[in-house]
Every structure is written in structure tokens, then in C-alpha cells.
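Observations on chain architecture
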Amino acid sequence: MTEQRKLEFRDVARGRALQQRLADLVARAGRDVTLMHVCGSHEQAFARYGLRSRFPQGLRVQMGPGCPVCVTDAPEIDAAVALAERGYRVLTYGDMLRVPGSSDSLMDARARGARVDVIYAATQAAEIARGSREPVVFFATGFETTAVATAAVLLNAPPANLFVLSAHKWVPAAMEIVAESPETQIEGYLAAGHAATITGCGLFEPFVERYRRPVVVAGFEPLDILAALVLLVEQVLGGKAEVVNAFPRAVTKNGNQRALTALFKVFETDAGEWRGIARVPRGNLRLREAFAAHDASLRFSGEFAAPKLPRDGALECCCGGIMTGRLTPTDCRLFGSKCRPDTPVGACMVSSEGACRIWYDLREREASE
Amino acid sequence: MCLGVPGRVIEIEGSTALVDFWGVRRKVALDIVDEDVSLGDHVLVHVGFAIRRIAPEDLAETLAFFETLTSEALEGLER
């Protein structure tokens, strides 16, 4: 994308026009309209471009379970910490480092001398293992966008000493949990453009059919988001429920078949805990039996520690309510007091994609202006 | 982690490309990209893997989509 193209996606007059159209639509509804996004990158874009303050009164856009760092369950982090503390070299993406497990984070383990290294590309896991004679554990986290990368690494002649500890999650399964939750009165969903690049927007059709709620796939520029919100509210007003692709420059109906084939060759869906939310049927991605030789959960099965008690304050943490759209960060008593980016209690305060962290940073920025 | 970054392909060697992200250059794996990638193409990259070739015509399609939607909205403003 050239600079000029980027500017077109941020065109101010067009943004204002869309904003006005959104306001008109919500006014015409004559009541509150409640939507949900399911992507941390959308909340980031809201904060970066100040979009929330421009939403018309009466439009509520709740945050959904859209941050992979936040939904990685504490026992999954405990498992990675346990292996690091047993002396194995553990590789992880940077935003997982500080997320607390039941008691400790990988950063805590590293401070005590464990070998934990940050990688930014899945291919590095194989490279590091190739350069080493000892077992290397790749703590693989994230939604389908990063799971396809892990799959590609395991399909490309991985070294025998590379072991994957999979905490990968499958987003569409979590949307169903939210839709079935009686407290959340969500009328339409803003789906994540990047994840849909892999899955395709056709994947949401059974969801729309079943729950009779519209889904609009959106990109991450201000115009992408405003346009998608307009298309959602239009459907809500018209009593329609359809899948609309408002991100055609990246998303197709069938998605990236090559990536999906790789994904399901290596992984299968399984029920799993999403931190603070629920046990999600088909919500986790675990390695298939054919990849057992690289499965850290099998190879090191005797070396994970016993379940730990939650750390101080963790029971008061509202991350689960925030990620299912029932609460906002400022509803949590810990927000900004006990729970801050330097002393996070919940995972939502750690990741730059976490709702609490985004709201905290925005508040600090506004206070300093 | 799930930040997708678009960049421009400046070199290709086998199934690896050198991609320019506004001045930062990184090697990117092409194993699971959806279409054949050529020099000068844009790709959307997640954790070191290109997951989508962004064809020039797709960019144009999104721009045309905004054009339609925002023209309607602009007319609405003028009324």
C-alpha cells in the first residue's frame, strides 16, 4: 500500500460523512443499538483514531473475546513456566512474556534464571532448534492467524528437538459462546478482518443462520471500521442478518484454502478453557496424533507442575466479563489501582491488544494532553 | 501477535521473500500464501508468514466500495 492509498483509507471528509450516516441510523432506531467486535486490533484502532468518542449516543460497541493473549488460560501459561523452570529453553511471542499464569509469568521465570526467548516469527522456532542439540519448546499461542504459521513450521521438515506447546485458539467457536450467553444482548458482530483472511467470510454463514445476527467483516483503518458499523446498523434496523465482507482487499468468501489445509493437517479442534470466559467446545487447537513426536504436552507430560492457587487479586479480576461484553474496564475495581500495566492482575492489562491496557493507555494519553 | 502487517515484496528466493515494511526489511515465508507472489506485490504478513497476496485490483475494489458508500453518505450530508 502506498502512502497515498493509506491516506485514502483515512480521508477525513468521508470519515465525517460515514460518522453522520451512523448517527442518523442510530437516531432513526430510536433506541440503543448494541454491537460487538471480536478483535483486539479493532479496539486498538478505536483508541488510536479516537473513534469511541465519535460514536453516536445510543451506539454501544462492546468488546468481545478478541485478544489471544487475554484468553490464553492460566494453566496453559503455568505449563510453559513449568518447562522453563525445569531448565528447557522456551520460545514465545513477546506479548505472552508478562502475562501472569496462576502465580507467575514467563518473565518471572526468566528473572529467576530460566531460559525464555522472544521470537517474532514462527520460523525462528525451527531455526533455533536446528542450531541446538537440546530440546526447544515453542509456546505457540494465538488465533488462526498465528496457528497457520505454527502449522507451516511443522509441515516443513521440523527438527526432531522442536516441541510445540499449543495454546492456539479458534475464534469462531468463541463467538458462539457469546451469542448463547443470555446476558449479552448483542445485535450484530464486527468480525476480525485478519482472522477472516484465513477462514474466509463464508465461515460465518452458519453462525448468522443459527443466531439470526448480522456479521460484517471489517478492516482496521478508520473508514473500514466506520463503513462496517454503518452496514451493521443498517441490517439491525432492517431486521436483516447477513454476512457482509467490508474488507474485500484482504478477505474472500472461502479464505486462504492453502493455509486452512495446512492448519487442519496439523491441528484439530478440541474443547478448552478460554481464560475468564468459559470452556469453549471446539475452542482450542491441539496437535493431531501424526505430530505427536513434536507435541510438548506429550513429550513432557510428567513434568508439568500441579495446579496452582490463583494469585492475590486474581479472583476480583473482571477480564471474563469484559471479554464477553458484560462489563467495561472501568467497571473493574482493580482497573488503574491494583491492576496497571506495570503490575497486571488480569491478562487484559498486559497485552497491547487487551481492552484494559488500551483503555489505560488512552486515559493516560488524554490526561497528559 | 495477531497484528497483520502489509509489506511489499522486493526479493524472492524459493519459498522465502524479502519484504519491505515501510523501511524495515524482513524475510517472510511464502509456504501458505494464497496465490503466487511476484516482485512488487503487497502481502499481508503474520508472525513471519505471508497469509495473503493483496492484489492491486483488490485494493481498487475496496476503494470503489468506499467510494459508493461514502458518496451516498456525502449526498446525505448535503441534503
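Bear in mind that the values here come from a model prediction, so they are computed numbers and not experimental data. (Residues numbered from 1 in each chain as written. Chains lettered and ligands numbered in written order. Predicted model: local features only at pLDDT ≥ 70, side-chain atom pairs only at ≥ 80, totals over all residues.)

A few points about helix α16 (residues 355–368) of chain A
All names here are of chain A. For α16, spanning 14 residues, the distance from its first C-alpha to its last is 20 Å, which sits close to the expected 20 Å at 1.5 Å a residue. Along α16, the residues that are buried comprise A355, C356, R357, I358, W359 and Y360. Among the structural elements, α3 (40–48), β2 (59–63) and α15 (319–323) are those in contact with the buried residues of α16. (Helix = DSSP H or I, 4+ residues; strand = E, 2+ residues; numbered from the N terminus. Expected span 1.5 Å × (residues − 1). Buried ≥ 20, exposed ≤ 12 C-beta atoms within 10 Å, placed from the backbone. Contact = placed C-beta atoms within 7 Å.)

Quick look at the domain arrangement of chain A
All names here are of chain A. Here the domain parsing of chain A yields domain 1 (3–67 + 172–245), domain 2 (69–170 + 256–303) and domain 3 (314–368). Put simply, the middle of domain 2 and the middle of domain 3, counted by C-alpha atoms, are 25 Å apart. Contacts between the two partners involve 11 residues from domain 2, matched on the other side by 12 residues from domain 3. Split by residue class, the side of domain 2 that touches domain 3 holds 6 nonpolar, 2 polar and 3 charged. (Domains from an automatic or database assignment. Nonpolar A, V, L, I, M, F, W, Y, C, P; charged D, E, K, R; others polar.)

Focus on unusual backbone geometry
Residue and element names in this part refer to chain A. Notably, R212 is not glycine yet its phi reads approximately 50°, a positive angle. Turning to its location among the elements, R212 is positioned in the loop between α11 (205–211) and β8 (215–218). The exposed category is assigned to R212, around which 11 C-beta atoms lie within 10 Å. Despite not being glycine, R282 shows a phi value in the positive range, around 65°. Tracing the chain through its elements places R282 in strand β11 (residues 278–287).

Some details on helix α5 (residues 74–85) of chain A
Residues and elements named next belong to chain A. Here α5 spans 16 Å end to end across 12 residues, near enough to the 16 Å set by a 1.5 Å rise per residue. The element α5 is extensively covered by neighbouring structure, given that 10 of its 12 residues are classed as buried. Taken together, the buried positions of α5 are A74, E76, I77, D78, A79, A80, V81, A82, L83 and A84. Where the residues of α5 are buried, they touch β3 (89–93), α6 (106–111), β4 (116–119), β5 (136–142), β6 (162–168) and α14 (296–299). At the C-terminal side of α5, G87 shows a positive phi close to 105°.

Section: the sheet that holds strand β1 (residues 33–37) of chain A
Residues and elements named next belong to chain A. Here we have 5 strands laid out as an open sheet, ordered β2-β1-β7-β8-β9, and parallel in their pairing. Single-partner strands in this sheet number two, and they are β2 and β9 (243–245). Direction aside, neighbouring strands of the sheet carry axes that sit 25° apart on average. With 3 bridges connecting them, β8 and β9 associate as parallel partners. Following the sheet pairing, V216 is matched in β9 by V244. (Pairing = 2+ DSSP bridges. Axes fitted to C-alpha atoms, helices over the stretch in contact; angles between N-to-C directions.)

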